[in-house]
Amino acid sequence: MDLGVIAVDGAQRHTQQRGCEAHARGQAARDAELRDQQIAERIPAGERAIHIEQGQWAGIGHEGFPVNESCILPPLGTECIFTAADGWSVGCGVSRVLASDHAFNRKGANPMATPHISAEPGDFADTVLMPGDPLRAKVIADNYLEDVREVTNTRNMLGYTGRYGDTPVSVMGSGMGIPSMSIYAFELYTQYEVEKIIRVGTCGGISPAVKVRDIIVAMGASTDSSVNRTRLDGDDFAAIADYGLLESTVTAARAAGATPRVGNVFSSELFYNPRANFFDTLKAHGILAVEMEAAGLYGVAAETGKRAVSVLTVSDHVVIGASTSADERQNSFQEMMQVALEAAANAH
Ligand SMILES: O=P(O)(O)O[C@H]1O[C@H](CO)[C@@H](O)[C@H]1O
Ligand SMILES: O=c1cc[nH]c(=O)[nH]1
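The rules we used
Residues numbered from 1 in each chain as written. Chains lettered and ligands numbered in written order. Predicted model: local features only at pLDDT ≥ 70, side-chain atom pairs only at ≥ 80, totals over all residues. Heavy atoms only, no water. Salt bridge = Lys/Arg side-chain N within 4 Å of Asp/Glu carboxyl O. Helix = DSSP H or I, 4+ residues; strand = E, 2+ residues; numbered from the N terminus. Buried < 20%, exposed > 50% of the residue type's maximum accessible area, 1.4 Å probe, protein only. Near = heavy atom within 4 Å. Polar contact = N/O pair within 3.5 Å; in protein donor to acceptor, adjacent residues only side chain to side chain. Areas by Shrake-Rupley, 256 points an atom, 1.4 Å probe, with all protein chains shown as cover. Nonpolar A, V, L, I, M, F, W, Y, C, P; charged D, E, K, R; others polar. Axes fitted to C-alpha atoms, helices over the stretch in contact; angles between N-to-C directions. Parallel < 35°, antiparallel > 145°, perpendicular 65-115°, else oblique. Left-handed = near helix turned anticlockwise from the far one by under 90°. Contact = heavy atoms within 4.5 Å. UniProt positions renumbered as here; feature names shortened; annotations may be inferred.

Quick one: what's the story with the pattern of salt bridges, residue by residue and with numbers?
Applying the stated criterion across every chain, the model contains 13 salt bridges. Where glutamate 195 meets lysine 306, a salt bridge forms, and the shortest distance between an N and an O atom there is 3.0 Å. One end of the pair, glutamate 195, is in the loop between α3 (178-191) and β10 (196-205); the other, lysine 306, is in the loop between α7 (294-304) and β14 (307-317), and 111 residues separate them in sequence. We classify glutamate 195 as partly exposed; its relative accessible area is 31%. Here glutamate 293 and arginine 199 are joined by a salt bridge, their closest N and O atoms 2.9 Å apart. Of the two residues, glutamate 293 is situated in the loop between β13 (289-291) and α7 and arginine 199 in strand β10; the sequence distance between them amounts to 94 residues. Like glutamate 293, the residue arginine 199 is buried in the burial classification. Each of the salt bridges in this network shares a partner with another, and the network as a whole consists of Glu146, Asp147 and Arg163.

This is how it looks when you write it as structure tokens:
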């Protein structure tokens, strides 16, 4: 679609807010002036940039409009070039983001989408809960969130955004294993301004102190995967949870009457691991449980400067051989979800 450009001076910059409030003074104003200058240099003649603060509506020709099919709310700090909107709603036409040169054109292809996520900018909340199974993501969205909408479905890796109480929360499947989790976590952190990921998964108990249905909070995650060594040029990397998220999760679990086990898990590359004495070795090193994603998630969080924690329910005990019934799995899953959502709402 050919979008005609509204001709305005490229050196002009407007701070737009509902009701058009004045711009901040002092240092903030000087910073803004400098940024204006830098932006102005990048704006083609005849176009205009508008700085949009978080929570503001963007619009042209009228004061503001709600997010709908043909317009979007760009994320915090986005610098946009507004263009006339041939065939769009009156006054609506966010077409380009200077900061990243991504397009914001809902009517055409979505150039902001990543290879694996088809969501628009701003579609994900600050916090994303990630179960391995995308259908579990749908169950969580349907049962625990309000005002839910699907935001991505590429490869059927479903993602949703809604509200838990007053807190915007997203939920999206990670797939199984570190490679899959790493792709989605990286794209969420780097392309969708996601700050916190809470993995909500199942694990197999290893430690004798762990029972089926227990909640485990993975303070650290050992692994046989090479991804974190790759990041550190061959050196060992202690894959750890974000402390604030860990604390919020443990607090939420205790408030729910659970006794969370906090410690080291093992993120295995192989679900069917042929190594002799594999589980015994893990047990001898105090590993609480085995799963397949946490070490990858923590590595991506470290690499991107973001935050992550993994909260897991013990679906079976691989050493003792105990397993849960479908009902028990359902109950412990519900308890874990409550814990993860409360942690998302109260994270500091
Ligand atoms: O229940 P989820 O989150 O998928 O987690 C566990 O279950 C899968 C294996 O069955 C792996 O992804 C493992 O980490
Ligand atoms: O035994 C188990 C159970 C859940 N997830 C795993 O990776 N292993």
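Having seen the structure, we can now continue with the description.
How would you sum up the site of ligand 2? Please name residues and give values.
In the region of ligand 2, the neighbouring residues are Thr202, Cys203, Gly204, Phe271, Val290, Glu291, Met292, Ser315, Asp316 and Val318. Separating an oxygen atom of ligand 2 from a side-chain N or O atom of aspartate 316 is a distance of 3.3 Å. Compared with its free state, where it exposes 240 Å², ligand 2 has 86% of that area covered by protein. Secondary-structure elements contributing two or more residues to the shell around ligand 2 are β10, β13 and β14. Tallying contributions element by element places β10 first for the shell around ligand 2, with three residues. Partitioning the shell around ligand 2 into residue classes produces five nonpolar, three polar and two charged.

Run through the packing of α3 against α7, naming residues and quoting values.
Viewed as axis vectors pointing N to C, α3 and α7 meet at an angle of 30°, and their least axial separation amounts to 8 Å. With respect to their mutual orientation, α3 and α7 come out roughly parallel. For the pair α3 and α7, the crossing hand works out as right-handed. On α7, the residues that touch Ile178, Met181, Ser182, Ala185, Phe186, Tyr189 and Thr190 of α3 are Ala295, Gly296, Leu297, Val300, Ala301, Glu303 and Thr304. In terms of residue class, the contact of α3 with α7 is built from nine nonpolar, four polar and one charged.

Break down the packing of helix α5 (residues 243-255) against helix α8 (residues 326-346) for me, with residues and values.
Two elements in contact, α5 and α8, have axes separated by 8 Å at closest approach and are oriented at 130°. Classed by the angle they form, the pair α5 and α8 counts as oblique. For the element pair α5 and α8, the recorded crossing hand is right-handed. Judged by residue contacts, Ser248, Thr249, Ala252 and Ala253 of α5 engage Val339, Glu342, Ala343 and Asn346 from α8. For the contact of α5 with α8, the residue count by class is four nonpolar, three polar and one charged.

Which residues make up the UniProt feature "binding site: a purine D-ribonucleoside" (unreviewed entry) in the chain, and what are the values?
Taking the numbering used here, the UniProt-annotated feature "binding site: a purine D-ribonucleoside" (unreviewed entry) corresponds to His116, Glu291, Met292, Glu293, Ser315 and Asp316. Taking the farthest pair of C-alpha atoms as the criterion, the annotated set spanning 201 residues is dispersed, since that pair is 31.3 Å apart. One can find methionine 292 in the loop between β13 and α7. Here methionine 292 falls in the buried class, since its relative accessible area comes to 16%.

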